[in-house]
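# Structural overview for review
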Amino acid sequence: MTAKEVIDSVTMKRAITRITYEIIERNRGIEDLVLVGIKTRGIYIAQRIAQRLKQIEEIDVPVGELDITLYRDDKKERAEQAEIHDSNIPVSLEGKEVILVDDVLYTGRTIRAALDAVMDFGRPRRIALAVLVDRGHRELPIRADFVGKNIPTASEEEIIVEMEEIDQQDRILINKQEA
């Protein structure tokens, strides 16, 4: 396996800032906004977006943490022995503008599971999707509303997002499986 850096920390910060500005532009007023990060890296991206919203708009946007392990339909064998993490949604989602946040959008199955999980916390007025990377190869009719970077990939490639909070650095890599 060989991994190649395609996004450095400065470019990653710009992508998150761009997503933040797009959220502000598309949501007239962000008072009813709730960011819900999908574990694990989606949580850190959501927290960073919330920090930028606080800097720009001077409003604290609640950030929830969503664990979708039990909602996956494509990892049944792993779900049986999966370590279960609790979701933590600090406010009711009833009637709110929810933005699901994840690191990479690939097949769409993670987002499908996240939609099911969110509905267990109430019925939002609207749900949007923000992703740091959209790599294509969708298996379900799901698209992101806010995208940091589009990185077209081959199906045998893998996108690896590293974040300072857990990986001690910010960067995005493409890992190509060698034959």
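Thresholds applied
- Residues numbered from 1 in each chain as written.
- Predicted model: local features only at pLDDT ≥ 70, side-chain atom pairs only at ≥ 80, totals over all residues.
- Heavy atoms only, no water.
- UniProt positions renumbered as here; feature names shortened; annotations may be inferred.
- Helix = DSSP H or I, 4+ residues; strand = E, 2+ residues; numbered from the N terminus.
- Buried < 20%, exposed > 50% of the residue type's maximum accessible area, 1.4 Å probe, protein only.
- Pairing = 2+ DSSP bridges.
- Axes fitted to C-alpha atoms, helices over the stretch in contact; angles between N-to-C directions.
- Contact = heavy atoms within 4.5 Å.

In the annotation of an unreviewed UniProt entry, the entry for the protein reads Bifunctional protein PyrR, and the organism field reads Enterococcus columbae DSM 7374 = ATCC 51263. The record held by UniProt for the protein lists under Catalytic activity (unreviewed entry) the comment "UMP + diphosphate = 5-phospho-alpha-D-ribose 1-diphosphate + uracil".

Let's shift gears to the environment of glycine 29. Turning to its location among the elements, glycine 29 is positioned in the loop between α1 (9-26) and β2 (33-38). Look at glycine 29 and you get partly exposed, because its relative accessible area is 41%. As for glycine 29 and isoleucine 59, which are separated by 30 residues in sequence, their C-alpha atoms are 9.9 Å apart.

Attention shifts here to the sheet that holds strand β4 (residues 97-105). In spatial order, the strands read β3-β2-β4-β5-β6; together these five strands make up an open sheet with parallel pairing. Two strands in the sheet have a free side with no partner beyond their single neighbour: β3 (63-66) and β6 (146-150). Across the sheet, the mean angle separating the axes of adjacent strands is 25° when strand polarity is ignored. Across four bridges, strand β5 (residues 126-134) lies against β6 in parallel orientation. By the bridge assignment, alanine 130 is partnered in β6 with phenylalanine 146. Set on the sheet, helix α2 (residues 41-57) makes contact with β2, β3, β4 and β5; between it and β2 the angle comes to about 150°. Sitting on the sheet, helix α4 (residues 109-119) is in contact with β2, β3, β4 and β5, with an inclination near 150° to β4.

In this structure's numbering, the residues bearing the UniProt feature "short sequence motif: PRPP-binding" (unreviewed entry) are residues 98-110. Segment residues 98-110 splits into 15% helix and 62% strand. End C-alpha atoms: 16 Å apart.

Of note, threonine 40 is situated in the loop between β2 and α2. In this structure threonine 40 comes out as partly exposed when scored by relative accessible area, which is 40%. Taking the C-alpha atoms as reference points, threonine 40 and aspartate 102, separated by 62 residues in sequence, lie 8.4 Å from one another.

Taken in spatial order, the three strands line up as β1-β8-β7 in an open sheet, and their pairing is antiparallel. At either margin of the open sheet sits one strand with a lone partner, and together these are β1 (2-7) and β7 (157-162). Adjacent strand axes in the sheet meet at a mean angle of 30°, parallel and antiparallel pairs treated alike. Across six bridges, the pairing between β7 and strand β8 (residues 171-176) is antiparallel. Paired with isoleucine 159 across the bridge in β8 is isoleucine 174.

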